[in-house]
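# Chains, contacts and geometry: an overview
As a plain string of letters, each chain reads:
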Amino acid sequence: MFCSGLFLFGCKQNAMPPSETLTPDMQVVPVLPDPPLPYSQWNFPDAWLDDPALGLFGGGGDIEITDAGATLGRVLFHDTRLSADHSVSCGTCHQPSHAFADANPASVGISGVPLTRNAPGLFNLRYQRRLFWDLRVVGLENQVLQPIGHPDEMGMDLDALPGRLAETTYYPELFEDAFGDPQVNLDRIMDALVQFLLSIRTYQSRYDAGLANGFADFTESEMLGKEVFFNGESRCNQCHSGLNFFSTQPFINGLEVDYAAAGDGGIGSLTGNADDDGRFKTVSLRNVGLTAPYMHDGRFEDLRAVVDFYSDSIQPHPFLDERFSENGIGPPGQEPYRLELTEAEREGLVAFLHTLSDTTIRTNPAFSSPF
Ligand code: HEC
Ligand code: HEC
């Protein structure tokens, strides 16, 4: 929970009276750079932009990033005023220090009722059009207002939101900078949040440095882990693939024999098809060292537990992806492979996964809370 915005009243949830009862000079205001940071000029490196596979994933929609628009989005993202009782911001569950994932297995919003899934990291979203663990929403523009209205997340009456923001000392000016006049409306709130999310790019990991220098700085253990990841037997890179270690395809990776019975059927809960039971988004492994806990329900506390799972205990799901069978081909639902990795290989795979983290994301002032 972001307490810094509440310092006037101490760091206690719900301790702050509604903004309506605050005089303007009592309001906690964001501290922003002037001129705004040059969000519009930042982009992915050429290697990403020119990559034909990544190009196929293209998914930013039509919204263009401007300096003032992304700045406004940054403020909105971190502002607890977007929730009914002023206690929760997007950043409460999507924490910069965890690459915008939640360190709690199940996020908790204003109602105190835990959500059923782990909040994923938010970055490189230009390269994914379908959102949520079950891919149920297409396009950020259709997603970003949902958590604000959701009763267990931010619980805000969306119709009342523009009025509440317009009353503050700072939003009218930020909306004017971003959109030409001070009018606050839901369409503009959506647009600015999307601009901010699209601006969160991450590609400065030790792995990226390794691509440039032939992995000269990798330890022996990291090299061994890289070998296991790419060697064709583990098939890790056949799903978590390309520069973004991601796939637009959802897969069943055998956490359960029967996911629906275990509580969450993923895409199967939406379609009702047995061969979709447990089919979930193949999340990007970028920053995976920062986004613990792991899987859609945050069941694994650390990367070692994930590696042990893939090595030893993939479950015999009736539609388990064929990449997890002994020979890696054929129909789904075969006997799961047993990699039986050695201790050194396990440690190496964990070490390699840590090289995918771009730690600048944790403190980059372009993304951090301005409050
Ligand atoms: C109470 C915690 C909570 C809050 C507050 C919250 N989120 Fe989330 N967010 C989640 C969870 C949990 C998921 C995964 C839900 C699912 O997949 O069914 C998620 C998923 C997402 C995704 C999809 C990411 C992906 O890779 O598919 C985006 C984008 C997102 N949130 C943006 C936001 C924005 C913007 C806000 C603020 C307006 C916000 N969230 C507020 C918990 C939260
Ligand atoms: C057949 C496709 C497939 C293969 C092969 C595969 N994965 Fe995954 N991986 C997935 C899917 C799908 C998920 C999400 C599953 C869920 O949450 O229910 C996932 C989740 C993960 C996560 C958790 C990420 C997070 O943020 O929660 C890690 C770490 C991971 N995989 C690493 C690996 C490693 C290491 C290998 C090789 C040993 C591997 N994967 C092989 C599809 C695959």
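Up top is the structure.
Okay, so let's go over this structure.

Conventions and cut-offs
Residues numbered from 1 in each chain as written. Chains lettered and ligands numbered in written order. Predicted model: local features only at pLDDT ≥ 70, side-chain atom pairs only at ≥ 80, totals over all residues. Heavy atoms only, no water. Helix = DSSP H or I, 4+ residues; strand = E, 2+ residues; numbered from the N terminus. Buried < 20%, exposed > 50% of the residue type's maximum accessible area, 1.4 Å probe, protein only. Contact = heavy atoms within 4.5 Å. Donors = N, O, S within 2.8 Å, 3.2 Å for Na, K, Ca; no water. Phe/Tyr/Trp six-rings, centres within 6.5 Å; stacked < 30°, edge-to-face > 60°. Lys NZ or Arg CZ within 6 Å of the ring centre and 35° of its normal.

### Quick notes on the side chain of Asn287
Within the secondary structure, Asn287 is located in the loop between helix 13 (267–271) and helix 14 (303–312). According to the relative accessible area criterion, Asn287 is buried, its value standing at 0%. Leaving out residues up to four positions away in the same chain, Asn287 has contacts with Ala99, Phe123, Thr202, Leu356, Ser357, Asp358 and Ile361.

### Re the coordination of the iron atom of ligand 1
Working reference: metal with six octahedral donors, ideal angles 90 or 180 degrees; metal with four tetrahedral donors, ideal angle 109.5 degrees. There is one protein donor for the iron atom of ligand 1, namely His94 (NE2), at 2.1 Å. On the secondary structure map, His94 appears in the loop between helix 4 (90–93) and strand 1 (130–131).

### Topic: the packing of aromatic side chains
Summed over all chains, the structure comprises 27 aromatic pairs. With a centroid separation of 5.9 Å and an interplanar angle of 40 degrees, the aromatic rings of Trp48 and Tyr127 are classed as tilted. A residue pair is termed long-range when its members are at least 10 positions apart, and Trp48 in helix 1 (residues 46–49) and Tyr127 in the loop between helix 4 and strand 1 qualify at 79 residues. For the pair formed by Trp48 and Tyr127, the shared burial category is buried. Judged by centre distance (6.2 Å) and plane angle (35 degrees), the ring pair of Phe175 and Phe179 falls under tilted. Note that Phe175 and Phe179 are positioned in helix 7 (residues 171–179) at a spacing of 4 residues, about one turn of the helix. The exposure class of Phe179 is partly exposed, given its relative accessible area of 25%. Three or more aromatic residues joined by ring pairs form one cluster here, namely Tyr207, Phe215, Phe218, Phe229, Phe230, Phe245 and Phe352. Over the aromatic face of Phe44 sits the side chain of Arg201, whose NZ or CZ is 5.6 Å from the ring centroid. Sitting over the face of the ring of Phe215, Lys226 holds its NZ or CZ atom 4.4 Å from the ring centroid.

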